[in-house]
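Residues per chain are reported as follows:
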Amino acid sequence: MDEKRSRSASQTEPCPDPRGAAMPGRFRHALRMVLSLVVLSGVLYHVWNGAPHLSRHGVATSPVSGVTKAKGLVPLEAHIISKCPDTRDALRQLILPAMQRVHDKVDFKLNYIGTPTANDGVECKHGPSECLGNIIELCARELYPDPKINLGFIMCLTKDYKHIPERALIEDCALEHAIDFQSLNECATRDDGAHGLELLRTSVERTAEPG
């Protein structure tokens, strides 16, 4: 661990909600309750009827069209911003608890919020460092598709979101979750960075689909 890097959790203003307003605490509490009810009821509906469509919206979550029939899983999708305390709270209070309960019953997707640019690039809310952090997390998901691995790694990064994408943080979290740092680096820099950028652009475009 790099002793020069402070990993203290200082007070930070919440990031704006993608729709333009910060989310008050009472709405986060309500959303947490809604998530538990919707995910669990969606799973039960799928088990009993075979064709659910999860319809919910809140802290960066949206339904995936249809059901993953080959796996027989309920679709569940979340949309996040890597360098943001609201993402940390959403992962800690909503996404991870839900996945611990229903990970074997949902087809979970994680995508990122940003703006595609005219030159085939991506503009991220908190600048290029956030774009790179998003790419690293997308590479982790590509290399380690098991949510038990990639979500743990992403949560580790997000707890210290201010330090994303510092090498020391990424190496610490990769070591903690048995992820190969060199493979992450190769994924992010492949084809002079074109591969990682394509992962991010595809993810951002997917996020734009549900509006």
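Scoring rules and cut-offs
- Residues numbered from 1 in each chain as written.
- Predicted model: local features only at pLDDT ≥ 70, side-chain atom pairs only at ≥ 80, totals over all residues.
- Heavy atoms only, no water.
- UniProt positions renumbered as here; feature names shortened; annotations may be inferred.
- Disulfide = S-S within 2.5 Å.
- Buried < 20%, exposed > 50% of the residue type's maximum accessible area, 1.4 Å probe, protein only.
- Core = buried A, V, L, I, M, F, W, Y, C linked by side-chain atoms within 4.5 Å.
- Helix = DSSP H or I, 4+ residues; strand = E, 2+ residues; numbered from the N terminus.
- Contact = heavy atoms within 4.5 Å.
- Expected span 1.5 Å × (residues − 1).
- Pairing = 2+ DSSP bridges.
- pLDDT = per-residue confidence, 0-100.
- Salt bridge = Lys/Arg side-chain N within 4 Å of Asp/Glu carboxyl O.

As annotated in an unreviewed UniProt entry, the chain carries the name Gamma interferon inducible lysosomal thiol reductase and comes from Purpureocillium lilacinum. Database annotation for the chain, UniProt heading Sequence similarities (unreviewed entry): "Belongs to the GILT family."

Draft legend 1. Looking closely at the state of the cysteines. Going through the model one piece at a time under the given rule, you end up with three disulfides. The residue that forms a disulfide with cysteine 124 is cysteine 131, at a sulfur-sulfur distance of 2.1 Å. Of note, the bridge from cysteine 124 to cysteine 131 carries an S-S torsion of about 110° and is right-handed in sense. Note on accessibility: cysteine 124 and cysteine 131 belong to one class, buried.

Draft legend 2. Structural detail: the nonpolar core. Counting 42 residues, the largest nonpolar core has Phe108, Leu110, Phe153, Leu184 and Leu200 as its most contacted members. Mapped onto this core, the elements with two or more residues apiece are β2 (74–80), α2 (85–102), β3 (106–112), α3 (128–143), α4 (147–159), α5 (167–176), α6 (181–189) and α7 (194–208). Once you skip the residues sitting within four places of it in the chain, phenylalanine 153 turns out to touch Ile136, Ala140, Ile170, Cys173, Ala174, His177, Ile179 and Leu184.

Draft legend 3. Up close: α3. If you check α3, its first and last C-alpha atoms are 22 Å apart, about what 16 residues at 1.5 Å a residue would give, namely 22 Å. Three or more residues of α3 are buried, namely Glu130, Cys131, Gly133, Asn134, Ile135, Ile136, Glu137, Leu138, Cys139, Ala140 and Arg141.

Draft legend 4. Here's a closer look at the pairing of β3. Taken across its seven residues, β3 has six buried, putting it largely inside the fold. Of the strand pairs in this sheet, β2 and β3 are connected by seven bridges, and their pairing is parallel. Bridging across to β3, histidine 79 finds its partner in asparagine 111.

Draft legend 5. Representation of the confidence of the model for the chain. Per-residue confidence for the chain gives a mean pLDDT of 76, with 66% of residues at or over 70. At the level of individual helices and strands, the chain shows its lowest average pLDDT in helix α1 (residues 25–49), which scores 42, and its highest in α5, which scores 97. Note that pLDDT drops below 50 for residues 16–24; the model gives that stretch 13 contacts with residues more than four away or on any other chain. Considering only residues more than four positions removed or in separate chains, one finds that residues 26–70, a stretch of pLDDT under 50, has 85 contacts.

Draft legend 6. Quick peek at the pattern of salt bridges. Following the criterion strictly, the structure yields nine salt bridges and no others. Note that lysine 109 is salt-bridged to aspartate 107, the shortest N-O span being 3.9 Å. With relative accessibility at 11%, the residue aspartate 107 sits in the buried group. The shortest N-O distance in the salt bridge between aspartate 146 and lysine 148 comes to 3.4 Å. In this structure aspartate 146 comes out as partly exposed when scored by relative accessible area, which is 30%. For lysine 148, a relative accessible area of 59% gives the class exposed. In the salt-bridge network here, residues are joined through shared partners; they are Glu77, Arg206 and Glu209.

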